Amino acid sequence: MVLTASCAPAIDTGAIAKELTRLDDRWSTAAATKNADTVAAFYAADAIAYPPNAPIAIGQPAGRKAWASYFADSTFSISWKTEPAGAAGSGDPGFTSGS
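This structure is a prediction, so every number in the text was calculated from the model and none was measured.

**Description of the packing of aromatic side chains**
Considering all chains together, one arrives at 8 aromatic pairs under this definition. Pairing Y70 with F76 gives two aromatic rings, centres 5.4 Å apart and planes at 25 degrees, and the pair type is stacked. Through successive ring pairs, a cluster of aromatic residues spans W27, F42, Y43, W67, Y70, F71, F76 and W80.

**Some points on the nonpolar core**
Among the nonpolar cores identified, the biggest contains 12 residues, and these are A30, A31, A36, V39, Y43, A47, A49, A57, W67, F71, F76 and W80. Of all the secondary-structure elements, those providing two or more residues to this core are α1 (13-32), α2 (36-40) and α3 (60-71). Not counting residues up to four positions away in its chain, the partners in contact with A57 are A47, I48, A49, P51, A62 and G63.

Basis of the calculations
Residues numbered from 1 in each chain as written. Predicted model: local features only at pLDDT ≥ 70, side-chain atom pairs only at ≥ 80, totals over all residues. Heavy atoms only, no water. Phe/Tyr/Trp six-rings, centres within 6.5 Å; stacked < 30°, edge-to-face > 60°. Core = buried A, V, L, I, M, F, W, Y, C linked by side-chain atoms within 4.5 Å. Buried < 20%, exposed > 50% of the residue type's maximum accessible area, 1.4 Å probe, protein only. Helix = DSSP H or I, 4+ residues; strand = E, 2+ residues; numbered from the N terminus. Contact = heavy atoms within 4.5 Å.

Rendered as structure tokens:
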């Protein structure tokens, strides 16, 4: 007979989802300012973004460049609302979705 016990702490996926929603809401607010530096600050150093009709943007500087190109268009506007957000039972990975 083999008995095992786990001392791993419980993961609060609800709290993770709330934090992801908060961060995504802040990112949307930053995008509304049309400041590429502020928006790019949400990217990890090794982030990968897929700008439409453009090459893949790898890294924070490339993300900044992509956003700056959008903001150069005076008619450009963007916003989104995160719903839902969640996380795996392990706490990693997390996700957001919305419109």
